[in-house]
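Understanding the architecture of this molecule
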Amino acid sequence: MKARIKFRKYGVMRFIGHLDVMRFFQKAMRRAGIPIAFTGGYSPHMIMSFAQPLGVGITSDGEYLDIELREAIDSEEAIRRLNEVMVEGIDVVDFCRIPDDKKSSGMTIVAAAEYRAVLLESAKSADITKPFPDSWQMKLEEFMKRENIVVLKSTKRSEKEVDIKPMIYQMCLKKDGICLFLAAGSEQNLKPDLVIGAFLKFINEEPNGVPFHYHRVDVYARQPEGTEHVCQSSKNIILEGKQHTFIPLSELKII
Amino acid sequence: MRKLALNDEILLKIEKPARYIGNEVNSVMKDPSKVDIRFAMCFPDVYEIGMSHLGIQILYDMFNRREDVWCERVYSPWFDLDQEMRKENIPLFALESQDPIKEFDFLGITIQYEMCYTNILQILDLSEIPLYSRDRDDSVPIVIGGGPCVTNPEPLADFFDLFYIGEGETVYGELFDAYKENQRNGGSRREFLEKAAEIEGIYVPAFYDVTYKEDGTIASFAPMNPHAKARIQKQVVRELTDTCYPQAPVVPFIKVTQDRVVLEIQRGCIRGCRFCQAGMLYRPTRERDVEILKQYAYRMLRSTGHEEISLSSLSSSDYSQLKELVTFLIHEFKEEGINICLPSLRIDAFSLEVMGKVQDVRKSSLTFAPEAGSQRMRDVINKGLTEEMILSGAGQAFEGGWNKVKLYFMLGLPTETEEDMKEIPRLADKIARRYYEIPKDKRNGKCQITTSTSFFIPKPFTPFQWAKMYTNDEYIARAAIVKHEFSEQLNRKSLKYHWHDAEVTVLEGVFARGDRKLSDVILEAYRLGCLFDSWTESFDNEKWMKAFENTGIDIGFYNLRERDVHEIFPWDFIDIGVTKDFLYQEWQKALQGETTPNCRMSCSGCGASRYKGGVCIESKN
Ligand code: SF4
């Protein structure tokens, strides 16, 4: 029996890295008495997997982890118990059953993530935002019209040039910030600061001189083939002339 | 929403911002306007080390049970943040409220090892509290020192307003009440210190006068304020079971050294090893009730969500209810994926059985601490462990499938000869031989015997407090003798040898038995940039040597002379229960190689029975 937990991460908890959030949830499961299943062996581990790591400093309304249960537990009850043992900056917003098969589990189905990038007065505080210059609307359109957007992507071992254009599913300016819909998951994954960095460079701004705060709105999977699942929060994106439908992970549940 | 002392830019720049944001599960938040006393509890090392300390968790819990006190935590900012704070003029803050330490009523610093002394100055400095207690006025917190190192607080005397000598559970209540009363009456800092000096176990260094002889030793040590006591009585909890114990300790976000539930099963040790300070300091040995410990285990695992539980004490095998407790823990929690972390136990059928249950035999190793290689030397240090016991223990374990052994020894013990040193590798080799006696088809490949030696440091309140130490070069020469002897052993391919650094040993030796004159060296070293001296990566011996040179203080005076019977030690004004006469008698017996029985075999009248608790009254009930 599998369950998916959706949570928000905000406030000071944005300074806690991904691995530590995993550790936090392992302990929280015990504090809340969630009947989670273990692997065997000398040092049994909880069967738990996180959908998509979130960088330090980023806040989120859509974080996910999947767990395996030993026995059933009522969703409302599980949410209540978990929230009793959370700290300020992490709220559990959903707990639902998901199909047991391997291909439904968190890590593998992630296909996209939606972010909001806001402009800050100063890098010192993510709370004080400032409006975008008027000229950005047009510049952003120009930026997105380019054939390809090549950036230098550096990993721990190497640096290489990649075209990130195909991984930007959507990028537009809205009242509350730049809305980014980006490829995510184990196959291809694009971080929002890389896109904003490329944009700033395009408009001849020094990326380090223009502070941004990033917020993840939700994490999405592709609409499974042959299903007619329609939900309010699904996204239809045209990529190379073909329509693709993405739905938030929290919608892929057994009802 | 929670506000932080550090801005986002700094937090995203430094390593592990989680060290500084507080907000952890079970951390205590209060309304500062509703408390009378704000106490900042400090462990002067990095968060991961400080958060692993049981003593602080006990006091944190105990203080916060009082409605009128809010106790918060503070640790040493790592180098990266230290630099930012100085650059941006950010005062050091407490984790819970994120308020500056300088606004608190008390700053309590626990002093667990000598190599944190420069970190203490960093804490004061970043808090904007004058380093010398004599320069402080009513506007800054009262700075209190506690912990094992304050059994000789003298090297730090100038930097602290008062020291709490002994176990924290006893007189803090009285101290807080005295503080509140003084505040109500509009009393000054000095008036408070005078009241505090009247409380048992509280030492106010500024109220004492020390004079020295021409040779540098102490001529007299006496109170010069009528409120100060001539002798300070170490505080001891008589009934350990009745004291408070944190049922919901703070759970850090990041991995810390001790990331688990810790049950303190007993305090003190019956053994009486002559080099061991803890063994004398925490006399008499007192046990905690096993039924209470079982309850604590449940509650603490539930409140923290930790996946591991460990037992803490000296010589855990001596805890009379050990079997009952360990069996209970395995039975109750193993199924739930809780890891039971065993303390090092004497090897016997029981310990091998439980070890086999909680750890993977092929991966884990056995630990022996014979401390000395030869039987003669083990008699000198009163380590009641014979070669036969070691070999038979190891033999049993080898037959049970173990093939890794760790051995711990000390070099530089009083009366040590070359022969004694060479016995260390020989003993390791005998253990390996014992392994290879097992038929090839029944054993698990090669064995691995890892030997570590550290250099012995004489500590105050031990029978060896009169002993001399050696120079850096001499220590290295001794380790070289051992190393060479290892290469001569039959099973040398199965033996590994490591030795600890000697430079740190020399410094620890100086501060362990140092006097008030040493505060200059500590300050000078700090000025020269020494910080986090207990970290190999940041320890800088050259700077330390420069500090000694600049202040004209001679290391030899502290380390290289055997002290005279009549010498007044800087720590003599503290009464730990165990008498100086008993310690001296033990020193003489040591020099003769005579042993002393442990407290359960027979009482040797050390003096600790004055506390009327634990093992001293066990058989007399
Ligand atoms: S008085 Fe006797 S029993 Fe008590 S601690 Fe000392 S030696 Fe042990």
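Residues numbered from 1 in each chain as written. Chains lettered and ligands numbered in written order. Predicted model: local features only at pLDDT ≥ 70, side-chain atom pairs only at ≥ 80, totals over all residues. Heavy atoms only, no water.

1. Quick notes on the overall build of chain A
Formally: What counts as a helix is a DSSP run of H or I of at least four residues, what counts as a strand is a run of E of at least two, and both are numbered from the N terminus. The reference for a compact globule is 2.2 Å times residues^0.38; the radius of gyration itself is calculated from the C-alpha atoms. Relative accessibility thresholds used throughout: buried, under 20% of the residue-type maximum; exposed, over 50%; partly exposed, between the two (1.4 Å probe, protein chains only). Each accessible area value is a Shrake-Rupley result obtained with a 1.4 Å probe; residue values ignore everything except the protein chains displayed when judging cover. Here the positive residues are Lys and Arg and the negative ones are Asp and Glu; neither His nor the chain ends is included. To locate a charge, the coordinates of NZ of Lys, CZ of Arg, CG of Asp or CD of Glu are taken.
Counting secondary structure elements, chain A contains five helices and twelve strands. Its C-alpha atoms give chain A a radius of gyration of 19 Å, near enough to 18 Å, the size a compact globule of 255 residues would have. For the C-alpha atoms alone, the extent of chain A along its principal axes is close to 55 × 45 × 40 Å. For chain A, buried positions account for 53% of its 255 residues. Just so you have it, chain A exposes about 13000 Å², and 49% of that area is on carbon and sulfur atoms. Considering chain A, the positive charge centre built from 36 side chains and the negative charge centre built from 35 side chains are found 4 Å apart.

2. Quick notes on the side chain of Ser316 of chain B
Residue and element names in this part refer to chain B. Short version of the rule: Whether two residues touch is decided by their heavy atoms; if any such pair falls within 4.5 Å, the residues are in contact.
Relative to the helices and strands, Ser316 is located in the loop between β13 (308-312) and α10 (322-333). Residue class for Ser316 comes out buried when judged on its relative accessible area of 2%. Sequence-distant contacts of Ser316, that is, excluding residues within four places in its chain, are made with Ile265, Gln266, Leu322, Pro343 and Leu345.

3. Details of the side chain of Asp66 of chain A
The test is simple: Two N or O atoms form a polar contact when they lie within 3.5 Å of each other; inside protein one atom must be a possible hydrogen donor and the other a possible acceptor, and for residues adjacent in sequence the pair counts only when both atoms belong to side chains.
Within the element layout of this structure, Asp66 of chain A appears in strand β3 (residues 59-68). Polar contacts involving the side chain of Asp66 of chain A include one to the side chain of Arg4 of chain A, which spans 2.8 Å.

4. A few points about the sheet that holds β13 of chain B
Residues and elements named next belong to chain B. The line we're drawing: In this analysis, strands are considered paired if DSSP registers two or more bridges between them. All axes are obtained by fitting lines to C-alpha atoms, using only the stretch in contact for helices, and the reported angles, taken between N-to-C directions, cover 0 to 180 degrees.
Pairing is parallel in the open sheet, where three strands are placed in the order β10-β13-β14. Every interior strand has two partners, whereas the edge strands, β10 (261-264) and β14 (339-341), have only one. Neighbour to neighbour, the strand axes of the sheet diverge by 20 degrees on average, direction disregarded. By the bridge criterion, three bridges tie β13 to β14 in an arrangement that is parallel. Paired with Ser310 across the strands is Cys341, a residue of β14. Where helix α9 (residues 290-304) meets the sheet, its contacts fall on β10 and β13, and the angle it forms with β10 comes to roughly 160 degrees.

5. Some points on the domain arrangement of chain B
All names here are of chain B. Note the cut-off: Here the limits of each domain have been adopted from an automatic or database domain assignment. Buried surface area refers to the total accessible area, computed with a probe of radius 1.4 Å, that the two partners give up upon joining, counted for both partners together. Only one rule defines a salt bridge in this text: a Lys or Arg side-chain nitrogen within 4 Å of an Asp or Glu carboxyl oxygen. Each residue is assigned to one class: nonpolar for Ala, Val, Leu, Ile, Met, Phe, Trp, Tyr, Cys and Pro, charged for Asp, Glu, Lys and Arg, and polar for all the others, Gly among them.
In terms of domain boundaries, chain B breaks down into domain 1 (8-233) and domain 2 (238-359 + 597-621). Centre-to-centre separation of domain 1 and domain 2, based on C-alpha positions: 28 Å. With 27 residues of domain 1 at the contact, the number on the domain 2 side is 27 residues. Carbon and sulfur atoms make up 62% of the area that domain 1 and domain 2 hide from each other, which totals about 2300 Å². At the junction of domain 1 with domain 2, the criterion picks out three salt bridges. Note that Arg286 and Glu167 form a salt bridge whose closest N and O atoms lie 2.8 Å from each other. The interface formed by domain 1 and domain 2 holds 13 residue pairs in polar contact (both at pLDDT 80 or more) in total. Going through the elements one at a time, α2 (47-50) and α3 (54-65) are the ones with two or more residues in the side of domain 1 that touches domain 2. Ranked by residue count, the leading element in the side of domain 1 that touches domain 2 is α3, at seven residues. Of the residues in the side of domain 1 that touches domain 2, the class split is ten nonpolar, eight polar and nine charged.

6. As for the packing of aromatic side chains
Residues and elements named next belong to chain B. To be explicit about the condition: Pairing of aromatic side chains here covers Phe, Tyr and the six-membered ring of Trp, requires ring centres within 6.5 Å, and sorts the geometry by plane angle: under 30 degrees stacked, over 60 edge-to-face, intermediate tilted.
Counting across every chain of the model gives 61 aromatic pairs over all chains. With 5.8 Å between their ring centres and 75 degrees between their planes, Phe39 and Phe176 make a pair best called edge-to-face. Linking Phe39 in strand β1 (residues 37-43) with Phe176 in helix α6 (residues 172-184), this pair joins segments that are 137 residues apart in sequence. Take Phe176: its relative accessible area is 1%, and that puts it in the buried class. Taken together, the aromatic side chains of Phe39, Phe63, Phe106, Tyr164, Tyr172, Phe176, Tyr179 and Phe192 make up a single cluster linked through ring pairs.

7. Looking at the interface of chain B and chain A
Listed by partner, the interface residues are 35 residues for chain B and 28 residues for chain A. Between chain B and chain A, a total of about 2700 Å² is buried, with carbon and sulfur atoms accounting for 57% of that surface. When residues of chain B are sorted by the area they lose upon contact with chain A, Asp8, Phe253 and Arg302 of chain B head the list and together hold 22% of the total. At the boundary of chain B and chain A, one finds five salt bridges.

8. With respect to the site of the ligand
Under the convention used in this document: When we say a residue is near a molecule or strand, we mean one of its heavy atoms is within 4 Å of it.
Neighbouring residues of the ligand: Arg283, Cys599, Cys603, Ser604, Gly605, Cys606, Ala608, Ser609 and Cys616 of chain B. Among the residues forming the shell around the ligand, the class breakdown is five nonpolar, three polar and one charged.

9. Concerning the domain arrangement of chain A
Bring the parts together and some accessible area is lost; that lost area is often taken as the interface size. Residues and elements named next belong to chain A. Per the domain assignment, the segments making up chain A are domain 1 (2-98) and domain 2 (110-251). On a C-alpha basis, the centres of domain 1 and domain 2 stand 26 Å from each other. For the domain 1 and domain 2 pair, buried surface summed over both sides reaches about 1300 Å², with 48% attributable to carbon and sulfur atoms. For the pair domain 1 and domain 2, the interface holds two salt bridges. One salt bridge in this structure joins Lys6 and Asp218, with 3.1 Å as the shortest N-O distance. At the junction of domain 1 and domain 2, the tally comes to 14 residue pairs in polar contact (both at pLDDT 80 or more). Elements with a minimum of two residues in the side of domain 1 that touches domain 2: β1 (2-9), β3 and β4 (90-98).

10. Considerations on the sheet that holds strand β5 (residues 162-164) of chain B
Strand pairs in the sheet, formed through backbone hydrogen bonds, run parallel or antiparallel to each other. Residue and element names in this part refer to chain B. With mixed pairing, six strands are arranged side by side in an open sheet as β2-β1-β3-β4-β5-β6. On the outer flanks of this sheet lie β2 (69-75) and β6 (202-203), each paired with one strand and no other. By the bridge criterion, four bridges tie β1 to strand β3 (residues 106-110) in an arrangement that is parallel. Its bridge partner lying in β3, Met41 is registered against Gly108. Packing of α6 onto the sheet brings it into contact with β1, β2, β3, β4 (142-146), β5 and β6, and relative to β1 it is tilted by some 135 degrees.

11. Notes on the state of the cysteines
Rules: Throughout, disulfides are identified as pairs of cysteine sulfur atoms within 2.5 Å of each other.
Enumeration according to the criterion identifies zero disulfides over all chains in this entry. As a non-bridged cysteine, Cys179 of chain A has Cys172 of chain A as the owner of its nearest cysteine sulfur, 4.6 Å distant.

12. Examining helix α11 (residues 349-358) of chain B
Buried residues of α11 of chain B: Phe350, Ser351, Leu352, Val354, Met355 and Val358 of chain B, and no others. The N-capping residue of α11 of chain B, defined by a side-chain oxygen 3.2 Å from the backbone nitrogen of Phe350 of chain B, is Asp348 of chain B.

13. Remarks on the environment of Arg231 of chain B
All names here are of chain B. Structurally, Arg231 is set in the loop between β8 (218-223) and β9 (232-233). The spacing of Arg231 and Ser344 is 113 residues in sequence and 37 Å in space, taken between C-alpha atoms. Once residues within four sequence positions are removed from consideration, Arg231 is found in contact with Asp572, Phe573, Ile574 and Asp575.

14. Focus: the nonpolar core
So the rule is basically this: Residues belong to a common nonpolar core when they are buried Ala, Val, Leu, Ile, Met, Phe, Trp, Tyr or Cys residues joined through side-chain atoms within 4.5 Å.
Within the largest apolar cluster, 239 residues are counted, with the highest numbers of intra-cluster contacts made by Phe25, Met29 and Ile67 of chain A together with Ile111 of chain B. Once residues lying within four places of it in the same chain are set aside, the contact partners of Phe25 of chain A are Phe7, Met48, Phe50, Leu65, Met86, Ile90 and Val92 of chain A. Grouped together as the second largest cluster of nonpolar side chains are 49 residues, Ile58, Tyr115, Ile203 and Phe246 of chain A included.

15. Remarks on unusual backbone geometry
Residues and elements named next belong to chain B. With an omega dihedral of -10 degrees, the bond running from Arg283 to Pro284 counts as a cis peptide bond. Inspection of the secondary structure puts Pro284 in the loop between α8 (277-281) and β12 (286-287). Located in the positive-phi region is Glu371, a residue other than glycine, with phi close to 65 degrees. Here Glu371 shows up in strand β15 (residues 366-371). Positive phi outside glycine occurs at Phe461, with the angle close to 65 degrees. Take Phe461: it is sitting in the loop between β17 (448-455) and α15 (472-487).

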